[in-house]
Structure formats: C-alpha cells, structure tokens
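Here are the chains, one letter per residue:
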Amino acid sequence: MTDTQTLIENRPPSVATLFLERVEATPDAVAYSYPVPAATGGPDEWRTLTWSEASARVLAIAAGLMDLGVRPEERVAIASSTRVEWILADLGILCAGAATTTVYPSTNADDTAFILADSGSRVLIAEDAAQLAKAQERRAELPELAHVVLINADGVDTAADDGWVLSLAELEQRGAAYLEKNPDAVTKAVGAQTKDQLATLIYTSGTTGRPKGVRLAQDSWSYMGRAIQAIDILNEDDVEYLWLPLAHVFGKVLIAGHLTVGHQMAVDGRVDKIIEHLPVVRPTYMASVPRIFEKVYNGVAAKARAGGGAKYSIFKWAAEVSREYAKVTQDNQRRTGTASAPFALAAKHTVADKLVYAKIREAFGGRLRGCVSGGAALAPEIGYFFAGAGIHILEGYGLTESSAASFLNPDTAYRTGTVGKPFPGTEVRIAEDGEVLLRGPGVMQGYHGLPEKTAEALEPDGWFHTGDIGELSPDGYLKITDRKKDLIKTSGGKYVAPAEIEGQFKALCPFVSAVLVIGADRNFCSALLALDEPTILGWAKENGLDGKSYADIVGSEQARELIDGYVKRVNAGLQRWEQVKTFRLLPRDLDVEHGDMTPSLKLKRPVVEREFKGLIDDMYAGSREA
C-alpha cells in the first residue's frame, strides 16, 4: 500500500477529529490571521489565532450549542460573510456532533426562511442585525428555530427577546460554564461520531425553482482533507488567502485541507479589499473563481492602455510572449518531462518579465507559488497569460454534490485548459453521451428530502451524474467542454458549446465582463455582452465620450464598432455555424445583486435570457426560424 493510500484509507471518521488532531500536533502555530478595522479609519490591523487559541473558542462554541439543547445531526445554520468567526462556528457545530447548514448572506428573506425550514435548523448563527431581521421576519414559519446567535451584536438588545437571540460572546460564555461542569462533554461527542453522520447541508443556488439541499457526510470532508494533504500542494509554511464565500462548497473544502496541512489561513471575504490586502498578506497560495482572474487581466490591460501607446504596445507584446511561453513549456513538460523553451523565446520572456510580469506578481504580494481556480471554466488564453507571467493557475473541478474537489492539476505539471487529474480515491468515467460520472467518498449522500431527485443523479452503485460533458486524455487529464444542459443545438442540427466561445471572447477582449452566447433552436448564433465598467469608462475618456454614463457609452456607435472588431476576430477562429452573427451590448454589467449571477459568480443563463428577452427577440427579428 502506498503512502497516499495509507493516508486516505486510514482517515478519521469526522472533521472534528481532524481538527483535534491538528490542535494536538501544532498547538502554537498560527492557524488564522484576520483583519480588524482600525479605529482611526486607516488600514486594517491584522491579528492572529494559534491552533490552541482557536481550539478554546471552538470547544466553547460546541459546548454552548450543547447547552442550548442541540443534539447530534441536528442542523445549525450559518448566515454570514467569510470571516474567521464563520470557521470557528462551523468547527464548533461539528465538534458538537451537529451539522452545518450554509446560507449565503446575500440570500433574501424568503429563500433564507425556506432553507432554515427545509433543513430543520435548530439554531441560526447570523452575522449581524441584517441577517437577524430575515429570521425575525419569518419567525412564525420557523417553529424549529430555537435561537439566533449574533456574531456582531452591535445595535441589538439580546436581552429583549426572551433568550431567542444571544451574541456569539454569550454563547461562548455559556459553553465555558458548561465545560466547567462537564469537562469531557465535547471530546465525548467527537468520539461518538461516525463517518456516515451528516456534517453539512449546502443548498445549491439553482437558476430556477427552490434550491436543493446537498447532504454531505463527515467522511466526505475527512476524505477531502486527507486527499488535499496527499497531493502535497500545500505545506505548513504556506500562507493561504481565503476570501471565497464559505456558504459555497469551494470555500468549505479549503477548511478541510487547512486542518490536515496546518498552514496559516488569512481570512477576509470582502472582495473589494482583495487588491488592498494582497501586498499585506503576501499569500503563497490563493483559491479563486475565474471572474477574479478575468477582472485582474482586464485591469492590467486597462492600466497599460491608460499609460499611452508605447506602454500598451509593450503590454500586448508581453501578453503574446507569455501565452506562447506557457504553451511551449507546458507542451514540452508533457512530452519530455521538462518545462523548457527555445533560447529565442526564453530571451524574449526574460525581457518581458522585467518590463511587465514582475509587476503583476508584485501586485499579488510577490510570494504567490500558485492559485487554484474552480467554480467555472477559466478561459485558456487568460490561463496561459498568467502562467507565462509566473502566476501558476491550477484549474480544478468538482461540484457541490462531490464536496467540491474531484480533480486538480498537478503543481509541477499542470495543463492549462484542463482540470487535471482525479483526487486519489475518486473514480471517473465518461458515459456514452460524453457525460462525466464520478464515484468516491466525496460524493453526496443525496438531496435532502428529495428521493426522486437523488435517484436521478445517483446510480445504485454510487456513480454520480455530473451533468458536465468532458474528455479524458490517455494519461488521465480531464477537459470539461460544456454543461450537458447548456449545449446548444441550432435549428440546422449543429451542436455548439457556448462556454468555449464565451471563453475566447473574455480572453481576446479586455472590455468584456460577461458573455452569453445564444442559438438553441435558432438558425444562427448571437450574443449578449456586458462590458467591464471601469475598463470601458477609461476607454470612453480617450474616445470623446468622457462624462457619459455607462448606459450611454454602451449604447454609442463607437462602442459597438469597438466590440464588433473583437467579435469578428473571435469568429475568424470558429466554424461557420458557431460564429456570432449579431450581438447586443447590455445596458449594465451582470452581477449578484441583480440576480444575474449566483453568489459564487456563475452566470444564471435562464435569468439573463428572461430579463433581456427583448434584446434577444430583436436580434432574431425577421430571421427564418425552423
């Protein structure tokens, strides 16, 4: 048996055990760093928690929940942005033997009430008064919700509600008192846990209808933690920047890996603070969704353009060099095992590194060894750009139903455009219709209270239908080509993969923020395009449109001509039936606030198509339909 097999097969039965093992192994090492806003309004002050300090709070939270009457596998919900208290609360819930229900803080009161009721959550740990208000508004519909615990209780009188509301500090005080009387209560609860015990209910943010609760067992997270440890992507000396929403499975799996590796985790979910914090945190690793890399790329290109013609020419030259360098070195790595480049290309790369790439790396803090990208497809040309610039983006793949991480590119032999190889212990096969099927410890138990939906997704022998179309290389690298349900079939009978075309747009056009290719049952393909507001406003200043609103700019003939040039360049590389024959620029960017995207920044195609139906109809007005 290999060391990897031993590590995974001898995994403990629960996440709580992983946590206690980590605390015992490195009690004095820094577990978390987190920002505290400065009283003077200046830069945030970063503080730390060692593993033993974190343990004291986690055990107090666990005991506090037990004192409130929470029992094994009963659900405790968390509705909060990403912050260190989210992690401490989650670990406290798990150490008490309960299960965590995750709720995005952006979820409206109606859906929040549905998730709390459907999960049967006994306690809600809410970030602040705004999250509390959602539960108060629907309290009559939530008879099982016995308490709300506030992380930030500012402005809330917790004594005024007959004990229904209490602060996190009060919960920890109750827990400390409970432990004085029952010192081994939590360790007994941890010791009694089994691998099949429910650990997490994550509700998928569906594009239509109510979200479905995905049931993930203790063993799923224990397996994920050990698998991340086994692939040796992180070590104890690493500093990982965690900003991803922890209500999403991608963020949640990072916690499991953190427990097994024991590195330092810098935690702050404020997306608008990422650029400010990177030079302070100086992470060595960071996980992200593609939209962040796309925005960074667009920002770098816009800054170069604003610097004048010479600077922009240098940037465009360096971008082409980086892509060529990445493609050549990755190809050589695949064929010979050595990531080498010809002398002339290497020389150009050295010059471009001094002029452009070094500055990009410095913006990430200067120590970044790699990034993990997941949640959606990363446009290969953007991946190649960063790879050549020394920002190694390791694409991975997984779903909520598979505990997030099923595939990841190897650290030293990654291939842009693929999602890498399966985690040890995870099986994969491609069905006759091209669908990717998965089987392994990370796969869910099923959908909460939905046996028919579970039967549709899970075969009796454990194979899970992902709904994604993919291809496996002879040496085991997976490439996802599209969502099964998102493949377009034109009225002429031709199949089109919109994600690939959309990715090419994003890589080629630095002004594009979001793209939606349309063409199902139509006789040609079209596209809705949203532009990146800061980038297009910068362009407008240079093109006689300074002072105009975003809507006025995208409605101008100049903007249309600008984007039309990029559409023609993309079309030049497509098959005739894939080409975008016409397009419309949207009057605003797409975002979570308008409901166009999920909180994990995935495009909600049906929602966007409904909202902008008039523009779509206009594109096909007068065309002959099948």
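These lines cover the structure that appears in this document, whether it is placed above or below. As the structure is a prediction and not an experimental result, all values here were calculated from the model.

With that out of the way, let us pick up the overall build of the protein chain. Each helix and strand counted, the protein chain has 22 helices and 26 strands in total. Rg of the C-alpha trace for the protein chain: 25 Å, near the compact-globule value of 25 Å for 626 residues, within the 12% margin. Dimensions of the protein chain, computed from the C-alpha atoms along their principal axes, are close to 75 × 60 × 55 Å. Looking at the protein chain as a whole, 54% of its 626 residues qualify as buried. When contacts within the protein chain are restricted to residue pairs at least 6 apart in sequence, long-range pairs at least 24 apart make up 67% of them. Surface accessibility of the protein chain: about 26000 Å² in total, with carbon and sulfur atoms responsible for 50%. Each charge sign in the protein chain was given a centre, from 67 positive and 83 negative side chains, and these centres are 5 Å apart.

With that settled, the discussion passes to the packing of helix α12 (residues 290-306) against helix α15 (residues 380-388). Following both chains from N to C, one finds α12 and α15 inclined at 65°, their axes separated by 11 Å at the closest point. The angle between the axes of α12 and α15 places the two elements in the roughly perpendicular class. For α12 against α15, the interelement crossing comes out left-handed. Contacts from F293, E294, V296 and Y297 of α12 reach α15 at I382, F385 and F386.

Attention now goes to the pattern of salt bridges. Counted according to the given criterion, the structure contains 36 salt bridges. Notably, a salt bridge pairs R335 with D331, separated by 3.1 Å at the nearest N-O pair. Taken as a pair, R335 and D331 lie in helix α13 (residues 309-336) at a separation of four residues, close to a single helical turn. The partly exposed category is assigned to D331, whose relative accessible area is 29%.

On to the side chain of D532. With respect to the secondary-structure elements, D532 resides in the loop between β25 (525-531) and α18 (533-541). Among the residues examined, D532 registers a relative accessible area of 7% and is labelled buried. Engagement of the side chain of D532 in a polar contact is seen with the side chain of T535, the distance being 2.5 Å. Sequence-distant contacts of D532, defined by excluding residues within four places in its chain, comprise K295, N298, F511, V512, S513 and D589.

This part covers the sheet that holds strand β1 (residues 30-36). Ordered by their spatial adjacency, nine strands build an open sheet running β2-β1-β11-β10-β12-β13-β14-β15-β16, and the pairing between neighbours is mixed. In this open sheet, the two strands that pair with only one neighbour each are β2 (45-50) and β16 (421-422). As paired strands, strand β10 (residues 239-242) and strand β12 (residues 285-288) are joined by two bridges and run parallel to one another. Within the sheet, the bridge partner assigned to E240 lies in β12 and is Y285. Its contacts with the sheet place helix α11 (residues 274-281) against β1, β2, β10, β11 (264-267) and β12, and it is angled at close to 165° to β10.

Let us now look at a nonpolar patch on the surface. Together, I314, W317, V351 and L355 make up a nonpolar patch on the protein surface, roughly 320 Å² of accessible area in all. Note that V351 resides in helix α14 (residues 343-363).

What follows deals with the pairing of β1. Among the seven residues that make up β1, six are buried, leaving the element largely enclosed by the rest of the structure. Summarising the sheet, β1 and β2 pair through six bridges and their orientation is antiparallel. Of the residues in β2, the one forming a bridge with V36 is E45. As judged from the two bridges shared by β1 and β11, these two strands associate in the parallel manner. Following the sheet pairing, Y32 is matched in β11 by M265.

So, on to helix α2 (residues 15-25). Within the span of α2, buried status applies to V15, A16, T17, L18, F19, R22 and V23. Against α3 (51-67), α4 (84-95), α8 (185-191), α9 (218-231) and α10 (249-261) lie the buried residues of α2.

Before going further, it helps to spend a moment on the environment of S55. Relative to the elements of secondary structure, S55 occurs in helix α3. Residue classification places S55 among the buried positions, given a relative accessible area of 8%. Placed 32 residues apart in sequence, S55 and V23 show a C-alpha to C-alpha distance of 6.9 Å. Those residues in contact with S55 that lie beyond four places of it in its chain are F19 and V23.

Moving on to α15. The buried fraction of α15 is high, at seven of nine residues. Every buried residue of α15 is listed here: I382, G383, Y384, F385, F386, A387 and G388. Of the surrounding secondary structure, the elements contacted by the buried residues of α15 are α12, α13, α14, β14 (393-397) and α17 (498-508). At the C-terminal side of α15, G390 shows a positive phi close to 90°.

To continue, consider the sheet that holds strand β5 (residues 123-126). Judged by pairing direction, the sheet is mixed, and its eight strands sit side by side in the order β7-β6-β5-β3-β4-β8-β9-β19 without closing on themselves. Only two strands of the sheet have a single neighbouring strand rather than two, namely β7 (165-167) and β19 (446-447). Looking at chain direction, strand β4 (residues 99-103) and strand β8 (residues 198-203) are connected through three bridges and run parallel. Bridging from a neighbouring strand, T101 pairs with L201 of β8. Across the face of the sheet, helix α6 (residues 129-137) comes into contact with β3 (75-79), β5, β6 (147-150) and β7 while running at roughly 170° to β6.

Further remarks concern unusual backbone geometry. Backbone geometry at D232 places phi at a positive 60°, although glycine is not the residue there. Along the chain, D232 falls in the loop between α9 and β10. When its relative accessible area of 58% is taken as the criterion, D232 is described as exposed. Phi at R282 is positive, roughly 50°, even though this residue is not glycine. Here R282 falls in the partly exposed class, since its relative accessible area comes to 36%.

Moving on, we get to the nonpolar core. Ranked by size, the top nonpolar core spans 129 residues in total, and within it Y32, I125, F364 and F386 carry the most contacts. No other element matches α4, which puts nine residues into this core. Those residues in contact with I125, other than ones at most four positions away along the chain, are V76, A77, I78, A79, A89, I93, V149 and I151. Within the second largest apolar cluster, 30 residues are counted, among which are I488, F511, V517 and V580.

Quick look at the packing of aromatic side chains now. Within this structure, the stated rule accounts for 13 aromatic pairs. A ring pair is formed by F385 and F386, whose centres lie 5.2 Å apart and whose planes are at 75°; its orientation type is edge-to-face. Put simply, the rings of F293, Y297, Y312, F315, F364, F385 and F386 pair up and form one aromatic cluster. The ring of W164 carries R139 above its face, with NZ or CZ at 3.9 Å from the centroid. Sitting over the ring of Y447, K212 keeps its end group 5.1 Å from the ring centre.

This paragraph deals with the pairing of β25. Buried residues dominate β25, accounting for seven of its seven residues. Side-chain alternation along β25 places C525, A527, L529 and L531 on one buried face and S526, L528 and A530 on a second face that is also buried. As paired strands, strand β24 (residues 512-518) and β25 are joined by six bridges and run antiparallel to one another. Paired with L516 across the bridge in β25 is L528.

Reading the values: rules and limits
- Residues numbered from 1 in each chain as written.
- Predicted model: local features only at pLDDT ≥ 70, side-chain atom pairs only at ≥ 80, totals over all residues.
- Heavy atoms only, no water.
- Helix = DSSP H or I, 4+ residues; strand = E, 2+ residues; numbered from the N terminus.
- Rg over C-alpha atoms; globule rule 2.2 N^0.38 Å.
- Buried < 20%, exposed > 50% of the residue type's maximum accessible area, 1.4 Å probe, protein only.
- Contact = heavy atoms within 4.5 Å.
- Areas by Shrake-Rupley, 256 points an atom, 1.4 Å probe, with all protein chains shown as cover.
- Lys, Arg positive; Asp, Glu negative; His and termini not counted.
- Charge placed at Lys NZ, Arg CZ, Asp CG, Glu CD.
- Axes fitted to C-alpha atoms, helices over the stretch in contact; angles between N-to-C directions.
- Parallel < 35°, antiparallel > 145°, perpendicular 65-115°, else oblique.
- Left-handed = near helix turned anticlockwise from the far one by under 90°.
- Salt bridge = Lys/Arg side-chain N within 4 Å of Asp/Glu carboxyl O.
- Polar contact = N/O pair within 3.5 Å; in protein donor to acceptor, adjacent residues only side chain to side chain.
- Pairing = 2+ DSSP bridges.
- Patch = residues over 30% accessible without salt bridge, like charges linked within 9 Å, V, L, I, M, F, W, Y side chains within 5 Å.
- Core = buried A, V, L, I, M, F, W, Y, C linked by side-chain atoms within 4.5 Å.
- Phe/Tyr/Trp six-rings, centres within 6.5 Å; stacked < 30°, edge-to-face > 60°.
- Lys NZ or Arg CZ within 6 Å of the ring centre and 35° of its normal.

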